[in-house]
Amino acid sequence: MTKARLSLLSSALLTVFTAGSHADQTTPLQGIIDKTPNFIALTGATVYTEPGKKLQNATVLIADGRISAVGTKVSVPAGYQQIDASRYTLYPGFIDPYTQYGIEAAKPAKPGSYRDAPVYKNERKGGNASNAAIHAEHNWVDQFQPDSKAAAELRKLGFTAAQSARFDGIFRGQAFVSALTDGLPNELILNPNGPQFMAFSKGSSKQSYPSSLMGSIALIRQTLSDANWYNQAYGKTDVRYFNEPIEFNAALQSLSNIERQGAIFETADDRSLLRAHQLLTEFKLDNAAMVGSGYEYVRLDEVKAMQRKLILPLNFPAAPAVEQVADQLDVNLADLRHWERAPANAAALANAGVPFALTTFKLKDKKDFWPNLRKAVQHGLSADTALAALTTVPAAIAGVADKVGKIAPGYQADLVLATGDLFADGEIIATWVRGQQHSIKAIAPVQFAGDYQLNLNGKVVKITLKGEADKLSGEATLLAAPADAKAVKLQHIHTQQQRLQFNLNLTELSGDKQIAQFNGQLLDNQLSGLWQLTTGSQAVTAQRQPLPDSSTPDKAVKPDVKLISSITFPNRAYGLPALAKQQNVHIKNATVWTAEQDGVLENTDVIVRNGKFDKIGKNLSTPRGFDVIDASGMHLTPGMIDEHSHVAIEAGVNEGTDAVTSEVRIGDVLNPEDINLYRGLAGGTTTAQLLHGSANPIGGQAQVIQFRWGESAEGLKMRAAPPSIKFALGENVKQSNWGDAFTERYPQTRIGVETTIRDAFVAAKEYNAKLAAYNKLSKRQREQVAPPRIDYRLQALVEILNKQRFIHTHSYVASEILMLIELADELGFSITTFTHILEGYKTAKEMAAHGASASTFADWWAYKMEVQDAIPTNACLMAEQGVNVSINSDDAGLQRRLNQEAAKSVMYCGMSEHDALKMVTINPAMQLKIDGVTGSIKVGKQADFVLWNTHPLSVYSQAQQTWIGGTKYFDINIDKQLKQQLEAEKAALVQKVLNAGDAAKAGDKDAYKQEEPEWHCEDQGDWWQIGQHLHRHSHSH
Amino acid sequence: MTFNKICLSLSVAAIAGLNIGSAAAHDMVPGKAQSSPLLLTGLTVHTVTNGVKADTDVLIIDGKIAALGQGLAAPEGATVLALDGKHLYPGLIALANQLGLIEIEAVRSTDDSTEVTQTNPDIKAKVAYNADSEVIPTIRSNGFAYSMVYPSGSMLMGQSSLMQLDAWNYQDAVVADGTGLHVRWPNASTLGSRWNPKPADEVRKANAKQLEALQQYFKDAKAYYDAEQAGLNKGVDSRWHEMLAVFDGKRPLFVHADDERQIRQAMLLANEYQLKLTIVGGRDSWRLAEELAAAKVAVIYTAPYGLPTRGDENYSQAFVVPKTLQDAGVQYALSLDGYWDTRNLVFAAGQAISFGLTQEQALRSVTINAAQIAGVADKIGSIEVGKAASLVVSEGDIFDYLGHKVTHLWIDGRAVDLNNRHKQLHDKYQQRINQG
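Treat the numbers as computed from the prediction; the structure is a model and nothing was measured.

Calculation notes
Residues numbered from 1 in each chain as written. Chains lettered and ligands numbered in written order. Predicted model: local features only at pLDDT ≥ 70, side-chain atom pairs only at ≥ 80, totals over all residues. Helix = DSSP H or I, 4+ residues; strand = E, 2+ residues; numbered from the N terminus. Rg over C-alpha atoms; globule rule 2.2 N^0.38 Å. Buried ≥ 20, exposed ≤ 12 C-beta atoms within 10 Å, placed from the backbone. Contact = placed C-beta atoms within 7 Å. Expected span 1.5 Å × (residues − 1). Pairing = 2+ DSSP bridges. Axes fitted to C-alpha atoms, helices over the stretch in contact; angles between N-to-C directions. Parallel < 35°, antiparallel > 145°, perpendicular 65-115°, else oblique. Left-handed = near helix turned anticlockwise from the far one by under 90°. Nonpolar A, V, L, I, M, F, W, Y, C, P; charged D, E, K, R; others polar. Domains from an automatic or database assignment. Right-handed = clockwise from strand over helix to strand, strands pointing away. Core = buried A, V, L, I, M, F, W, Y, C linked by C-beta atoms within 7 Å. pLDDT = per-residue confidence, 0-100.

**Q** Explanation requested: the overall build of chain B in the structure shown.
**A** In terms of regular secondary structure, chain B is built from 13 helices and 16 strands. A compact globule built from 436 residues should have a C-alpha radius of gyration of about 22 Å, and chain B, at 23 Å, falls within 12% of that. Here the C-alpha coordinates of chain B stretch approximately 65 × 60 × 55 Å along the principal axes. Here chain B holds 436 residues, and 49% of them are scored as buried. A fraction of 68% describes how many contacts in chain B between residues 6 or more apart in sequence connect residues 24 or more apart.

In structure tokens:
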């Protein structure tokens, strides 16, 4: 036994390379073979064999790097080195499922500048993908090199295995799992074929495409589709649909089995999480796990419904800066709430039954891992769930659940040894990885603490030592001294295993002007050593008298945190306390603007039942159970509809890189937290078409939304609206105002714009013909040929040709308007709406003949060359010539006074008031092809309406209530309450931060969502390079 | 060659223009000086300073208001204009914009609004004011008679002038020269731009550096002023020389600032040098309205149509600022600080009525208050005997789309042509419709 203890002591603070490191199985014999045995028995420990399973006074046996036995009745076999672990707790080694361990990190992209020339192509090497953000072909295990320093850093936190791939790009390559110890990479690899890591950010790619979030999503969609196609097509020799044999593509080859490979998708917040889930679900990647953000609590129901495993970082945010009153101007309620609630996120997910693992990812200082995890426990996370999040859950995510994550026979001997309860205040002392011991502190260190009586120059000195060996303090008094005599502190106390040295200044103790130096050792409670004095050495011995035990028993942490913040829908200022609910309501005695042939009806009642207009008439009786609104003196209009809006769009409104980007979808990047939705409601707007920007002739797919404040992104979408798309003409698409770097992309002229659009449609027709021919083949014939590749870019154009998708085209001057009509007639498609169309008054006749509508600004002009002929009577002149005209905003500010914009046509050119109101209700509804559902007050239509305090076209009108589908989303009186509540909540949270003092400052300053900018048509630039630069135009549309 | 080609094509266009000149005058001709008395009768007169007077007549002689009352007798040779039931207002005044300095924002060659360097107290916006701008007539036709134009930029931007909007050139447009020195206050928020985010500490440092630079400019200018008084200056520093009037209290300081912290810093500086301060922008002015009133700091509020400044602010926050300033007793005027959109300022004032102002208060914010801030309240801004006959007639309530219809505008008694490019293009294309 003594021998075992000595060998143990010698290993303190060192990594032991005794055993487990077998000679490599495939290296020829070189030199002397290491055959040191490694049989270990850890005895007397509290052992968590797996989450929820705890053994007291148990023994764990390790043989050849694996657990050979665990239990309370296991005896130590002969030949085993026994380690007394009776003061300790043993946990299974932890697994971090999301790291770059053992892989060289990517070099970040050089900070870009808008003056840099755009990069349209990826350098092709081997069989790489056409886009530089796709690294799917990488198997990162090929690059794996154990990293002693990084492994030690992770082991200090208790991690014994990690899953790794490079964090770079959209498809990042296949991860692998390795043990966190030294050795040959070959023997450390636990799983060479892990999941594909994925993210939205293009990382170090210098290629311009994708420059927006929707571009990234489109690229993912096309790539996953291509992978399916490649799986079926590669190797087929039939060239009926391709001029050449199918090319080799390593990225697609790797992805062709992604369903089996699995995926881990890194997300930035709750919106990003739900978006990634949606996208992966499209491709049936239901097993993919998601790297979370700490924001999951905000949309807990949706997160739960995903039925996915999460990987949670613990980078809790530093409190917003509120120490100085002036700085509080820059602090918002959502951030204060998140500061308070982020530590409770894990507990909230656990309570909802969402499985998750924990990761050190995103921690700028990995040392914050345990303090933050304990904070999560104080916020209600149970120790068992936390342990599962460190062991069994990540083991399952990483595909190594049969090897690690439990203390069970046959499992790899990966252990964490800690004092007490690690989830309360325990400390990690050592880890074993593959049976290799890595000590962080000495196990069972020599206990020096106690009283000793030592002779010194004929006097008896009482020495008292306190604390653990590595933090020893001590003092001395003369035994004969009076009780109140001051003790003298020992100096330079130093221990090494059993050896003890210290200095004692005798001047204060006995008046003897010298410093006595002690040098000795403690063996079996007997201290023996020498005093070194000016007069020579003096040998002494003393018996250690242990101090009374002052340690308190471990106490489990009880959640003791009281949260004062609210969670609202959305979770920000002016969010609603709960999702708004549909009401049956009887509106009495309003002036009703029908936007139908009935015109304006005085003193009229409207009954709303089950979300629809049920009855319109005078003196109606109130159905039982209906709420009543007395609307005397008020005006009721349809909810206003905006044909052209860019609110509620996240991370880029333009994929302004390629000239044709019909594959990108605004519907992929809705931002339901945009306060402009609420502001729009307060201005009487209920519905908007969110358009892609105007950076390219054929832009992205649009999304019609309803302003259902509080719903998540999917809940905003208006299902009744058919698909639409943005086209653009003129200055923006020819990059006239983008600066000198942008002179290369075709087209640079209006002449080239025509050709660009023609060429794209010709390609779409050829593509469609290919698809049609393939579809005519018999099943047997199809098996023999490579199927045509689905091309989302061309697919959208085919939908246009098939009249399934409708064009809204940004346009200004007469020539381009006529050109597009002529081109459309030639190619067999039609223009649904010319938007902006400031010279529409010059071409209204031709537009009417084509059947196109017009959506224009009331009075914008002069901000660029192509709006120099814009006039405020444009709407009237177009309407006069039979064009269906609407007024749009293209601006979050204008969107909340569309009624005032419509009124300008009454003022400038005498349009009738009812016709003017139609320009912001039924007319845009017709343009969006939702006039069968909304846009007017008509029995059977969806109850989208606004109650105004006065004439809705007057500058003095204000929306009092705004309803969508019989649900009230804005009420001017409730708004006042929300204002008061948010101010009170904010004040309370500021107090909480101030009371927390310096502790509140610790944390990640970048762990908050960024407020989105107000997007405009021409805002283009590389979203992924924000932080470096972004090219922005102001005030032009 | 390119230059020659452009010139050639322009002259061809000019000749072509001459040929059709008789059909549609390309330009509006400035009104002739008043030569005989003009009596306007039967109006609802919004005097601004003396209430609203129904069924009232106004007599204009030599470009000035000669009499105001019911049943005024027409002097000999007077033209009598019966305007029964229409509304008469002073010609509206738009403060702090770039009218006449920018023709087409995206075309650099038409933009004279913004000079380089941070020390331009010696530049004067008026000299680039294009009296023939196509934009100006579209502003007049909505009732505006005056505009105070300023040079944009950063820090010490230069001097503004008040212009009347019916002139042959900038010289006869100037009503008041050097109405103020305009300063764009450095950023004081800790938030970096969304387009170029930086850590708060970095932003704070950059802010402090900018503020220090601006304060140093004032120290230097004051040193020049002190040396000038003592006869010590060895030459003319044109920058600081143009600031003598500022330290003399003859030229007020217009500080463009929106953030509360900026406004407080500007107030300290104005206090230090005892300068007359007006804040331009003033989005946060509601947060310290009482203090602004007490310190007699005026505000040209430029966001009457604005979105809230911050995500946590109420949807109507920017709309209710005028009412807050009014209640606190702050001297304020409204502006849209742009150029072509100045014509909408009258409706922005109307919306401020919806959010709390009275009709008269809103009218003051685009007439007499503006005149006071521009230092010309003794001449314009209200309908009073002796003041300039700069008057506008509207069929109905000038602030509301449902009433606004400007039928007459006089500036100093000169009848202003209310035609504009928009009406001309409208008429032209009405012809296309008529031709079928």
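Continuing now.
**Q** Even after reading the chapter, I still don't get the overall build of chain A, so can you show me in this structure?
**A** The number of helices and strands found in chain A is 26 helices and 44 strands. In terms of principal-axis extent, the alpha carbons of chain A reach across some 120 × 75 × 60 Å. When the 1037 residues of chain A are sorted by exposure, 54% land in the buried category. For chain A, the share of sequence-separated contacts (at least 6 apart) that also reach a separation of at least 24 residues comes to 69%.

**Q** Explain the interface of chain B and chain A here, please?
**A** Many structure descriptions define interface size as the accessible area lost when the parts assemble. With 40 residues of chain B in contact, the opposing surface of chain A contributes 55 residues. Taken together, the elements giving at least two residues each to the side of chain B that touches chain A come down to α7 (260–273), α10 (345–354) and α13 (421–435) of chain B.

**Q** I'm lost on α7(B) in this one. Help?
**A** Owing to its 3.6 residues per turn, the α-helix aligns residues three or four sequence positions apart on the same side. Residues and elements named next belong to chain B. For α7, built from 14 residues, the straight-helix expectation of 20 Å at 1.5 Å per residue is met to within 8% by its first-to-last C-alpha distance of 20 Å. Looking at α7, one finds that the buried residues are R261, Q262, I263, Q265 and A266. Buried residues along α7 sit in contact with α4 (200–229), β10 (253–257) and β11 (277–281). Q274 occupies a position one or two residues after α7 and carries a positive phi of about 55 degrees.

**Q** Which parts of the structure should I look at to understand the sheet that holds strand β10 (residues 189–191) of chain A?
**A** Consider a sheet: its strands pair through backbone hydrogen bonds, and that pairing is either parallel or antiparallel. Residues and elements named next belong to chain A. An order of β6-β7-β9-β10 is seen for the four strands of this open sheet, with the pairing classed as mixed. Each of the sheet's edge strands pairs with one partner strand only, and the pair in question is β6 (94–99) and β10. Taken pair by pair, the neighbouring strands of this sheet meet at an average axis angle of 30 degrees, ignoring direction. In the sheet, β6 pairs with strand β7 (residues 159–164) via four bridges, with the strands oriented parallel. Counterpart to I95 in the pairing with β7 is A161.

**Q** Can you help me understand the packing of helix α17 (residues 750–776) of chain A against helix α20 (residues 814–827) of chain A in this one?
**A** Helix packing geometry: the angle between the two helix axes and the distance between the axes. Residues and elements named next belong to chain A. Relative to each other, α17 and α20 sit at 20 degrees, their axes nearing to 11 Å. The pairing of α17 with α20 is recorded here as roughly parallel in orientation. Both α17 and α20 take part in a crossing whose hand is right-handed. Contacts from R750, E754, I757, R758 and F761 in α17 reach S815, E816, M819, L823 and L827 in α20. Classifying every residue of the contact of α17 with α20 by side-chain character gives five nonpolar, one polar and four charged.

**Q** What am I meant to see in the domain arrangement of chain B here?
**A** Residue and element names in this part refer to chain B. Annotation of chain B at the domain level lists domain 1 (21–91 + 381–436) and domain 2 (92–99 + 114–380). With 31 residues of domain 1 in contact, the opposing surface of domain 2 contributes 33 residues. Of all elements in the fold, only β5 (87–90), β14 (391–394), β15 (406–411) and α13 reach the threshold of two or more residues within the side of domain 1 that touches domain 2. In terms of residue count, β15 provides more of the side of domain 1 that touches domain 2 than any other element does, three residues in total. Of the residues that constitute the side of domain 1 that touches domain 2, the class distribution is 15 nonpolar, 11 polar and five charged.

**Q** I tried to follow the pairing of strand β36 (residues 703–706) of chain A on my own but got confused; where do I start?
**A** Each regular strand shows side chains that alternate between the opposite faces of the sheet. Residue and element names in this part refer to chain A. Alternating residues of β36 divide into Q703 and I705 and V704 and Q706, and every residue in both groups is buried. Across four bridges, the pairing between strand β34 (residues 685–690) and β36 is antiparallel. The residue of β36 that forms the bridge with L690 is Q703.

**Q** Help me understand the pairing of strand β12 (residues 263–266) of chain A, please; the structure alone is not making it clear to me.
**A** Residue and element names in this part refer to chain A. The two faces of β12 match: A263 and F265 on one face and I264 and E266 on the other face are all buried. Inspection of the sheet shows strand β11 (residues 196–199) paired to β12 by four bridges, in the parallel sense. Looking across to β12, one finds that F197 is bridged to I264. Pairing analysis gives three bridges linking β12 to strand β13 (residues 289–291), with the strands arranged parallel. Paired with F265 across the strands is M290, a residue of β13. Handedness of the crossover joining β12 and β13 through helix α7 (residues 270–282) is recorded here as right-handed.

**Q** Would you explain the domain arrangement of chain A in this entry?
**A** For chain A, the assigned domains are domain 1 (1–26 + 35–93 + 405–446), domain 2 (109–381), domain 3 (450–543), domain 4 (576–639 + 936–973) and domain 5 (640–934). Computed over C-alpha atoms, the centres of domain 2 of chain A and domain 4 of chain A are 47 Å apart.

**Q** What exactly am I supposed to notice about the nonpolar core here?
**A** Soluble globular proteins: nonpolar side chains tend toward being buried together. All names here are of chain A. With 392 residues, the main nonpolar core has V60, L90, I311 and L636 as its most contacted residues. For this core, the element with the most residues is helix α4 (residues 213–233), which contributes 10 residues. When residues no more than four places from it in sequence are discounted, the contact partners of I311 are P97, Y98, I264, A289, M290, V291, G292, F356, A357, T359 and I397. Counting 21 residues, the second largest nonpolar core, distinct from the first, contains A476, L490, L504 and W531.

**Q** Help me understand unusual backbone geometry, please; the structure alone is not making it clear to me.
**A** With the exception of glycine, most residues fall at negative phi, and the peptide bonds are largely trans. Residue and element names in this part refer to chain A. For the bond from Y209 to P210, the omega torsion is -5 degrees, close enough to zero to count as cis. As for its position among the elements, P210 is in the loop between β11 and α4. Residue P570 is reached from F569 by a cis peptide bond, and omega for that bond is -10 degrees. Secondary-structure assignment places P570 in the loop between β27 (536–543) and β28 (585–593). Here the phi dihedral of A595 falls at roughly 60 degrees; this positive angle occurs in a residue that is not glycine. Mapped onto the elements, A595 comes out in the loop between β28 and β29 (600–609). Despite not being glycine, A862 has its phi angle at roughly 75 degrees, a positive value.

**Q** Can you help me understand the sheet that holds strand β13 (residues 332–334) of chain B in this one?
**A** Residue and element names in this part refer to chain B. Pairing is mixed across the open sheet formed by eight strands, whose spatial order is β6-β7-β8-β9-β10-β11-β12-β13. The strands lining the two open edges of the sheet, one partner per strand, are β6 (92–97) and β13. In this sheet, neighbouring strand axes are inclined to one another by 25 degrees on average, regardless of whether the strands run parallel or antiparallel. Across four bridges, strand β7 (residues 144–149) lies against strand β8 (residues 155–164) in antiparallel orientation.

**Q** Please clarify how the confidence of the model for chain A should be interpreted in this entry.
**A** Regions with low pLDDT should not have their predicted coordinates read in detail. Of the residues in chain A, 94% have a pLDDT of 70 or more, and the chain-wide mean is 92. This model gives residues 1–21 of chain A a pLDDT under 50, and the stretch forms 31 contacts once residues within four places in sequence are excluded.

**Q** Please explain the environment of H492(A) as it appears in this structure.
**A** Residues and elements named next belong to chain A. Position of H492 relative to the elements: it lies in strand β23 (residues 491–496). By C-beta crowding, H492 is classed as exposed, having 10 other C-beta atoms within 10 Å. Every residue in contact with H492, bar those within four places of it in the chain, is listed here: F502 and N503.

**Q** What should I look at first to understand the confidence of the model for chain B in this one?
**A** Residues and elements named next belong to chain B. Per-residue pLDDT for chain B has a mean of 93; in total, 93% of the residues score no lower than 70. Taken together, the stretch residues 1–25 has pLDDT below 50 and engages in five contacts with residues farther than four places along the chain or on a different chain. Reported confidences for the modelled complex are a pTM of 0.92 and an ipTM of 0.93.

**Q** Explain the packing of α20(A) against helix α21 (residues 840–850) of chain A here, please?
**A** Residue and element names in this part refer to chain A. Packing of α20 against α21 brings their axes to within 10 Å, and their N-to-C directions diverge by 15 degrees. Judged by the angle between their axes, α20 and α21 are roughly parallel. For α20 against α21, the interelement crossing comes out left-handed. Touching A814, I817, L818 and I821 of α20 are K842, T843, E846, M847 and H850, all from α21. Residues of the contact of α20 with α21, tallied by class, amount to five nonpolar, two polar and two charged.

**Q** Can you walk me through α21(A) in this structure?
**A** By the burial criterion, the buried members of α21(A) are G840(A), Y841(A), K842(A), T843(A), A844(A) and M847(A). Just downstream of α21(A) lies G851(A), where phi reads positive at about 90 degrees.

**Q** Whenever I open this one, the environment of A648(A) confuses me. Can you help?
**A** Residue and element names in this part refer to chain A. By secondary structure assignment, the location of A648 is in the loop between β33 (640–645) and α15 (675–682). Residue classification places A648 among the buried positions, given that 26 C-beta atoms sit within 10 Å. Sequence-wise, A648 and N610 are 38 residues apart; in three dimensions their C-alpha atoms are separated by 27 Å. The residues contacting A648, other than those within four sequence positions of it, are L670, N671, P672, D674, N676, L677, L690, I705 and L716.

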